[in-house]
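Residue-level structure breakdown
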Amino acid sequence: MSDVGDWFRSIPLITRSWFAASIAVPLIGKLGLIDFRNLMLFPELVLTRFHLWRPVTATLFFPITPNTGFLYLVNLYFLYHYSSRLETGAFDGRPADYIFMLFFNWICIVITGLLMNMRLLMIPLIMSVLYIWAQFNKDTVVSFWFGTRFKAHYLPWVILVFNFIIGGSFVNELTGNLVGHLYFFLMFKYPMDLGGRTFLSTPEFLYRFFPNRRGGVSGFGVPPTRPAAQEQGGGGGGGGGRGGRHTWGEGFRLGGE
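Residues numbered from 1 in each chain as written. Predicted model: local features only at pLDDT ≥ 70, side-chain atom pairs only at ≥ 80, totals over all residues. Heavy atoms only, no water.

**Here we look at the UniProt feature "transmembrane region" (unreviewed entry) in the protein chain**
Under the UniProt annotation, the feature "transmembrane region" (unreviewed entry) is placed at residues 17-36, 56-78, 98-115, 120-136 and 156-186. A helix fraction of 65% and a strand fraction of 0% characterise residues 56-78, whose end C-alpha atoms lie 19 Å from each other. (UniProt positions renumbered as here; feature names shortened; annotations may be inferred. Helix = DSSP H or I, 4+ residues; strand = E, 2+ residues; numbered from the N terminus.)

What follows is the structure, encoded as structure tokens:
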């Protein structure tokens, strides 16, 4: 148990909190401590009866059944792996910026969920984070199942197809990818590559609560440099063939093994 505790404490703080909540809330629903229907997003109840907790619980809840358990575990792994890599890579020392990114993505996903009558929002938020990681590491080569290798730029779309095969739908993944693209475009691509105005910036009050560390500059005036974004060892996931772990999105730099 001490090894598990050490591993859990080694997870970056924001990712650790999100990861723990994404385990606790589904277990609460699975054990029947709270009716799982009270954890899901029902637009009419949010808008007419002001069930304001539902957008939050719908982001953390996922039904655990024999048919959905594998999909839940896969996406829990994606949450742990890519959120950790992003929090300690491109957003290293910038907790306020990382929280703002998650909040912006969550707001967009909640609005989409209300408009499209979506019940669960866990996968879209995870996919939005994975998409942003892939943009920062687009030229990194990643390994997927059956030894397939491709640039990280394609990883969100490969996972969309993968989750469609095992889950039967791609709406959640597509929503997450589009929201992640919206954040990356407005925060970095449009103002920096295309010379447009800045539409997104982290509110100053977040820096007061979550100050930058190790000399980070508030405001995210420039995107993280490529070496910082592409973590050592390719920033990938899991190390297939090493200790029996899976290789969902394991990274290798181009030209390297």
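**Points about a nonpolar patch on the surface**
A surface patch of nonpolar side chains, about 550 Å² in accessible area, is lined by Phe 70, Val 161, Phe 164, Ile 165, Ile 166 and Phe 170. In terms of residue count, helix α8 (residues 155-167) provides more of the nonpolar patch than any other element does, four residues in total. With respect to the helices and strands, the residue Ile 166 is situated in helix α8. (Patch = residues over 30% accessible without salt bridge, like charges linked within 9 Å, V, L, I, M, F, W, Y side chains within 5 Å. Areas by Shrake-Rupley, 256 points an atom, 1.4 Å probe, with all protein chains shown as cover. Salt bridge = Lys/Arg side-chain N within 4 Å of Asp/Glu carboxyl O.)

**Thoughts on helix α5 (residues 69-88)**
Taking 1.5 Å per residue as the helical rise, α5 with its 20 residues ought to reach 28 Å, and the 28 Å between its terminal C-alpha atoms agrees with that figure. In terms of residue burial, α5 counts as a mostly covered element, since 15 of its 20 residues are buried. (Expected span 1.5 Å × (residues − 1). Buried < 20%, exposed > 50% of the residue type's maximum accessible area, 1.4 Å probe, protein only.)

**Overview of the packing of α5 against α8**
Where α5 meets α8, the closest approach of the two axes is 10 Å, and the angle between their N-to-C directions is 160°. Of the possible angle classes, the one that applies to α5 and α8 is roughly antiparallel. The two elements α5 and α8 cross, and the hand of that crossing is left-handed. Each of Phe 70, Leu 71, Val 74, Asn 75, Phe 78 and Tyr 82 in α5 lies in contact with α8, whose residues at this interface are Leu 155, Ile 159, Phe 162, Asn 163, Ile 166 and Gly 167. When its residues are assigned to classes, the contact of α5 with α8 shows nine nonpolar, three polar and no charged. (Axes fitted to C-alpha atoms, helices over the stretch in contact; angles between N-to-C directions. Parallel < 35°, antiparallel > 145°, perpendicular 65-115°, else oblique. Left-handed = near helix turned anticlockwise from the far one by under 90°. Contact = heavy atoms within 4.5 Å. Nonpolar A, V, L, I, M, F, W, Y, C, P; charged D, E, K, R; others polar.)

**Considerations on the packing of aromatic side chains**
Within this structure, the stated rule accounts for 21 aromatic pairs. Judged by centre distance (6.0 Å) and plane angle (50°), the rings of Phe 104 and Tyr 183 are tilted. Here Phe 104 is found in helix α6 (residues 95-116), whereas its partner Tyr 183 is found in helix α9 (residues 171-193), with 79 residues between them in sequence. Residue Phe 104 shares its accessibility class with Tyr 183, and that shared class is buried. Geometrically, the ring pair formed by Tyr 183 and Phe 188 is edge-to-face, given 6.3 Å between the ring centres and 85° between the ring planes. Taken individually, Tyr 183 and Phe 188 each receive the classification buried, so the pair is uniform in this respect. In this structure an aromatic cluster arises from ring pairing among Phe 91, Tyr 98, Phe 104, Phe 136, Tyr 183, Phe 184 and Phe 188. (Phe/Tyr/Trp six-rings, centres within 6.5 Å; stacked < 30°, edge-to-face > 60°.)

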